[in-house]
Amino acid sequence: MGLRGSGKTSIQKVVFQKMSPNETLFIGSNNSMLKDVVNNSAFVNFQICDFPGHFDFTDPEYEAESIFQGCESLIFVIDAQDAIASALNRLHSVVTKAYKVNNNIKFEVFIHKVDGLTEDTKMETQREIHQRANDDLIDSGDEQKIYISFHLTSIYDHSIFEAFSRVVQKMIPQYATLENFLNIIISTSGIEKAFLFDVKTKIYVATDSSPVDMQSYELCCDMIDVVIDLSNIYGLGEDPGLMNDPAFDDQSSSLIKLNNGTILYLREVCSFLALVCILREDNFEKQRIIDYNFMILRKGIHRLFELKEKEKESFQFNKLLSLK
């Protein structure tokens, strides 16, 4: 959600439909709610509802209560260079209304279009929006109940992918398990940082517990682009005409050595996930240990998929019984 022209639809097109940021300049404003299903993997699997800027809770067209009841995460987009006061007023009304319907919603604010701002201005804008949004909650008596996360974003760099990564991670019930898997592999393999990426969107569905450095994340994203581009050219099977012959498969891997002694190492986990590790060149002398630990990690993640599918089947079966 967000005011008209805040960049909601552009974000969705760039992150989930691989549209070039420059092409979004030709996207018009939405006059009705748009729904889009994102089903890239077992973890990146949800429906996005893109609301028009003039969205009105009282309009029967939208059925706001039923939408909020099934909502897991609400992203409100604020144009950092335009009408911040109006956006904050709308944010407050949206958040308080949604919370009354469903108090389990996770609220996220994307302070968007910050690519045209200096670093100092970015920080000051984030501080101001954060402060004023919390002041509004305090005035209404909701500050103890409602928590809002804030992210600086732009479609012209990797910040929008990093922000969506954090949003998606909060929606993964198995995130703590995945994080623990990655903590174990970096501690036993001499790895400095590890990301589990959704290959199609470059959203990282999990990382280890150490802080994320934006430059490292960008390097990993660039590596995935290189691997996919080369795989599409050289990595197809014997019959390139087969549409179900994926370029990214269980043989996909990549090793890039940087001139500062750092190594980027990518291994395929499944057709939609990749593990990307950052480590020092000295530690890569133990590649056999790293590869062995990776195979154990891969089996653990596949086992997690199996449990997830069993839970899903059990839920659907119980739902069918209750209907009967």
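Everything numeric in this text was worked out from a predicted model, so none of it was measured.

Scoring rules and cut-offs
- Residues numbered from 1 in each chain as written.
- Predicted model: local features only at pLDDT ≥ 70, side-chain atom pairs only at ≥ 80, totals over all residues.
- Heavy atoms only, no water.
- Helix = DSSP H or I, 4+ residues; strand = E, 2+ residues; numbered from the N terminus.
- Expected span 1.5 Å × (residues − 1).
- Buried < 20%, exposed > 50% of the residue type's maximum accessible area, 1.4 Å probe, protein only.
- Arc of directions from axis to C-beta.
- Salt bridge = Lys/Arg side-chain N within 4 Å of Asp/Glu carboxyl O.
- pLDDT = per-residue confidence, 0-100.
- Phe/Tyr/Trp six-rings, centres within 6.5 Å; stacked < 30°, edge-to-face > 60°.
- Pairing = 2+ DSSP bridges.
- Axes fitted to C-alpha atoms, helices over the stretch in contact; angles between N-to-C directions.
- Contact = heavy atoms within 4.5 Å.
- Parallel < 35°, antiparallel > 145°, perpendicular 65-115°, else oblique.
- Nonpolar A, V, L, I, M, F, W, Y, C, P; charged D, E, K, R; others polar.

### Brief notes about helix H6 (residues 175-189)
- Counted at 1.5 Å a residue, the expected span for H6 with its 15 residues is 21 Å, and the 21 Å between its end C-alpha atoms agrees.
- Inspection of H6 places Tyr175, Leu178, Leu182, Ile185, Ile186 and Ser189 among the buried residues, and these make up the whole buried set. Buried residues of H6, seen end-on, are gathered within an arc of 95° and therefore sit on one face of the element. The exposed set on the far side of H6, more than 90 degrees from its buried face, consists of Ala176 and Ser187.
- Of the residues one or two after H6, Gly190 is the one with positive phi, at around 70°.

### Considerations on the pattern of salt bridges
- All told, the structure shown has 11 salt bridges when counted by the stated rule.
- Across the pair Arg298 and Glu268 runs a salt bridge, and its minimum N-O distance is 3.0 Å. Remark: Glu268 occurs in strand E9 (residues 262-270) and Arg298 occurs in helix H8 (residues 287-323); sequence separation between them is 30 residues.
- Judged by relative accessible area, which is 5%, Glu268 ranks as buried.

### As for the confidence of the model for the protein chain
- Taken residue by residue, the protein chain gives an average pLDDT of 84. The fraction at 70 or more is 87%.
- Confidence scores differ between elements of the protein chain, with H8 showing the lowest mean pLDDT of 72 and strand E4 (residues 106-112) the highest of 95.

### A few points about the packing of aromatic side chains
- A full pass over the atoms with the stated rule returns 10 aromatic pairs.
- Ring geometry for Phe16 against Phe46: centres 5.8 Å apart, planes inclined by 85°, an arrangement best described as edge-to-face. In this pair, Phe16 sits in helix H1 (residues 8-17) while Phe46 sits in strand E2 (residues 45-50), placing the two residues 30 residues apart along the sequence. An identical accessibility class is assigned to Phe16 and Phe46; each is buried.
- Where Phe195 meets Tyr204, the ring centres are 5.2 Å apart and the plane angle is 75°; that geometry is what we call edge-to-face.
- In this structure Phe195 comes out as buried when scored by relative accessible area, which is 0%.
- One aromatic cluster in this structure is built from Phe16, Phe46, Phe110 and Phe164.

### Some remarks on the pairing of strand E8 (residues 253-257)
- As paired strands, E8 and E9 are joined by 5 bridges and run antiparallel to one another. Residue pairing in the sheet places Ser254 in a bridge with Leu266 of E9.

### Thoughts on the sheet that holds strand E7 (residues 203-207)
- Spatially, 5 strands are ordered E7-E6-E10-E9-E8 in an open sheet, and the strand pairing comes out antiparallel. Edge positions in the sheet fall to E7 and E8, since each has one partner strand and no second. In this sheet, adjacent strand axes meet at a mean angle of 25° when their direction is disregarded.
- Bridge count for strand E6 (residues 193-198) against E7 is 4 bridges, and the pairing is antiparallel. Residue pairing in the sheet places Asp198 in a bridge with Ile203 of E7.
- Across the sheet, H6 touches E6, E7 and strand E10 (273-280), and the angle it forms with E7 is around 70°.

### Quick notes on the pairing of E10
- Among the 8 residues of E10, 7 are classified as buried, and the element is accordingly described as predominantly covered.
- Note that E9 and E10 share 8 bridges and pair antiparallel. Within E10, the residue paired with Thr262 across the bridge is Arg280.
- Hairpin geometry of E9 and E10 is characterised by an intervening segment of 2 residues between the two adjacent antiparallel strands.

### Concerning the packing of H1 against helix H5 (residues 159-169)
- Following both chains from N to C, one finds H1 and H5 inclined at 85°, their axes separated by 11 Å at the closest point. When the axes of H1 and H5 are compared, the pair comes out roughly perpendicular. On H5, the residues that touch Ile11, Val14, Val15 and Phe16 of H1 are Ile160, Phe161 and Phe164.
- Within the contact of H1 with H5, the residues separate by chemical class into 7 nonpolar, no polar and no charged.

### Points about the sheet that holds strand E5 (residues 148-152)
- Here 3 strands make up an open sheet; going across it, the order is E3-E4-E5 and the pairing parallel. Lying at the two open borders of the sheet, with one neighbouring strand each, are strand E3 (73-79) and E5. Sheet twist, expressed as the average angle between the axes of neighbouring strands with direction ignored, equals 25°.
- Lying over the sheet, helix H3 (residues 84-101) contacts E3, E4 and E5, oriented at roughly 170° with respect to E3.
- Here H5 sits on the sheet and contacts E3, E4 and E5; the angle it forms with E4, its principal contact strand, is near 175°.

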